[in-house]
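Here is how the chains run, residue by residue.
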Amino acid sequence: MGHVVAAAVYAKGKKITDISLDQGKEWAKKPGHFVWIGLHDPGAEELTNLQRQFDLHELALEDALVRHTRPKLETFGDALFLVLYSPVRTDAGLTFVETQLFAGTGYVISARYGESAPYSQVRQRCEARPLLLEHGEDFVLYALLAFVIENYRPLMDSYHGELEALEQLVLDRPLSQADVEHIQGVRRDLLRLRRYIGPLAEICQELQRLDFPFIDKNMRPYFRDIAIHVNRLLEDLTALREMADHAIEIGLLLESSRQSVVQRKFAAWAAILAFPTAVAGIYGMNFQNMPELTWHYGYFGVLGFIAVGCTGLFASFKRSGWL
């Protein structure tokens, strides 16, 4: 069972009075007045009550009783039904809290399902701007939509800071499995964000074209402003995804470079060790006609030759950067 967070009547940009849920119909029918109701986790009983009072379309009610997967805008006669999502990031991961908006002549109803930033902030902002609140239902609709968009910005900044730190981490040391899993988790979250932000651009464009009695043409620039912010979020999402991809690419390139350095060192030491092995192999063939085997200082001469050869190889590899 849900509960009513706030329910009030507004006229001429000012709050008239708080009301109960059952009083909405009589106030909404008064000329120049509109009702703004905020619900948290409402059930079928509350929604059915609102349907009777404000003549909500049956399909809108059916739509409201199910959970959705993406933001959307539906129109029912001279009323509209909006589904929006606010991102919430916790230690358990990224989740999206659904908000449903019903708007029509004389009323705006918001229903939030889950824990996210409360819409009381939106109400306070609107009441502090009476000249804009005087527009009525369309300004409240704009304010609620703008508030949802605002919730994405701190999250995007958080991901940007994480990816910058990961890029620096990649340069400082080899990527561990935990680092790769972290980057992949961020990439997955960014894809989910695009899924929820992308439809908002279409919704804003649709709101600019709608010809509803409660949407003033003078409010269309406000919805256009939201569309601009949504497009910026989408651009930032693309940039963040590129940062995540580059972090992995840089990590792979650096790891390949480190492996190449190790392989060169192994090859250089193998060549150095191969020289005395070759010399020892020659004198291990046990031929009878090998005069240097009978020399008094032959053993020391061979050791000196091996030492000079190995030293020369070591110096050559060191000069070329292989050691």
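In this text the structure is predicted, and so the values were computed from the model without any measurement. (Residues numbered from 1 in each chain as written. Predicted model: local features only at pLDDT ≥ 70, side-chain atom pairs only at ≥ 80, totals over all residues. Heavy atoms only, no water.)

A.B. asks: Got a minute to help me understand the overall build of the chain in this structure?
C.D. replies: Summing up its helical and strand segments, the chain has 10 helices and 7 strands in all. Scaling as 2.2 N^0.38, a compact globule of 323 residues should have a C-alpha radius of gyration of about 20 Å, whereas the chain reaches 36 Å, well beyond that. Principal-axis analysis of the C-alpha atoms places the extent of the chain at approximately 125 × 35 × 30 Å. In the chain, which comprises 323 residues, the share counted as buried stands at 43%. In the chain, once contacts between residues fewer than 6 apart in sequence are set aside, the share between residues at least 24 apart is 67%. When the accessible surface of the chain is totalled, it reaches about 17,600 Å², and 55% of it is carbon and sulfur. Averaging the positions of the 33 positive and the 40 negative side-chain charges in the chain gives two centres separated by 3 Å. (Helix = DSSP H or I, 4+ residues; strand = E, 2+ residues; numbered from the N terminus. Rg over C-alpha atoms; globule rule 2.2 N^0.38 Å. Buried < 20%, exposed > 50% of the residue type's maximum accessible area, 1.4 Å probe, protein only. Contact = heavy atoms within 4.5 Å. Areas by Shrake-Rupley, 256 points an atom, 1.4 Å probe, with all protein chains shown as cover. Lys, Arg positive; Asp, Glu negative; His and termini not counted. Charge placed at Lys NZ, Arg CZ, Asp CG, Glu CD.)

A.B. asks: Could you clarify how one ought to interpret the sheet that holds strand β7 (residues 107-113) in this entry?
C.D. replies: Adjacent strands of a sheet pair through backbone hydrogen bonds, lying either parallel or antiparallel. Across the sheet, 7 strands lie side by side as β2-β1-β3-β7-β6-β5-β4; this open sheet has mixed pairing. The open sheet has two edge strands, β2 (14-18) and β4 (72-76), and neither has a second partner. The mean inter-strand angle of the sheet, taken between neighbouring strand axes irrespective of direction, is 20 degrees. When strand β1 (residues 3-11) meets β2, the two strands line up antiparallel, connected through 4 bridges. By the bridge assignment, A11 is partnered in β2 with K14. Sheet strands in contact with helix α6 (residues 137-150) are β3 (33-40), β5 (79-90), β6 (93-104) and β7, and its direction is about 25 degrees off that of β5. (Pairing = 2+ DSSP bridges. Axes fitted to C-alpha atoms, helices over the stretch in contact; angles between N-to-C directions.)

A.B. asks: What's the story with the nonpolar core in this structure? I'm lost.
C.D. replies: Inside soluble globular proteins, nonpolar side chains tend to come together where they are buried. Counting 89 residues, the largest nonpolar core has L80, Y152 and L193 as its most contacted members. Considering each element in turn, this core owes the most residues, 12 residues, to helix α9 (residues 220-282). Judged by nonpolar contacts, the second largest core, of 7 residues, contains V279, I306, F317 and L323. (Core = buried A, V, L, I, M, F, W, Y, C linked by side-chain atoms within 4.5 Å.)

A.B. asks: Looking at this model, I keep getting lost on the layout of surface pockets. Mind explaining?
C.D. replies: Unoccupied space between atoms shows up once a probe the size of one water molecule is rolled over them. What the largest pocket holds in volume is close to 300 Å³. Lining the largest pocket are 17 residues, with Y142, A146, F147, E150 and H229 sitting closest to its centre. Elements with a minimum of two residues in the lining of the largest pocket: α4 (120-127), α6 and α9. In terms of residue count, α6 provides more of the lining of the largest pocket than any other element does, 7 residues in total. (1 Å grid on protein atoms, 1.4 Å probe; cavity = no way out; pocket = protein on both sides within 12 Å on 5 of 7 lines; lining within 4 Å. Points joined across faces, edges and corners; volume = space filled by probe spheres on them.)

A.B. asks: What's the story with the domain arrangement of the chain in this structure? I'm lost.
C.D. replies: By a frequent convention, interface size equals the accessible area lost on bringing the separate parts together. Looking at the chain, the domain boundaries give domain 1 (3-253) and domain 2 (258-320). Here the C-alpha centre of domain 2 lies 75 Å away from the C-alpha centre of domain 1. (Domains from an automatic or database assignment.)

A.B. asks: Which parts of the structure should I look at to understand the pairing of β1?
C.D. replies: Direction of pairing for β1 relative to β3: antiparallel, over a ladder of 8 bridges. Counted as the bridge partner of A8 is W36 from β3. Turn length for the β1-β2 hairpin, with the two strands adjacent in sequence and antiparallel, is 2 residues, and the turn residue K12 shows positive phi of about 55 degrees.

A.B. asks: Quick question: what am I supposed to make of the pattern of salt bridges here?
C.D. replies: Oppositely charged side chains may form a pair once their charged atoms are brought near each other. Within this structure, the stated rule accounts for 8 salt bridges. A salt bridge links R153 to D157, with the shortest nitrogen-to-oxygen separation between them at 3.9 Å. Highlighted residues: R153 and D157, both in helix α7 (residues 152-172), separated by 4 residues, approximately one helical turn. On the basis of relative accessible area, R153 is assigned to the partly exposed category, the value being 30%. On the accessibility criterion, D157 (46% relative accessible area) is partly exposed. The salt bridge involving D245 is made with R187; its shortest N-O contact spans 3.0 Å. (Salt bridge = Lys/Arg side-chain N within 4 Å of Asp/Glu carboxyl O.)

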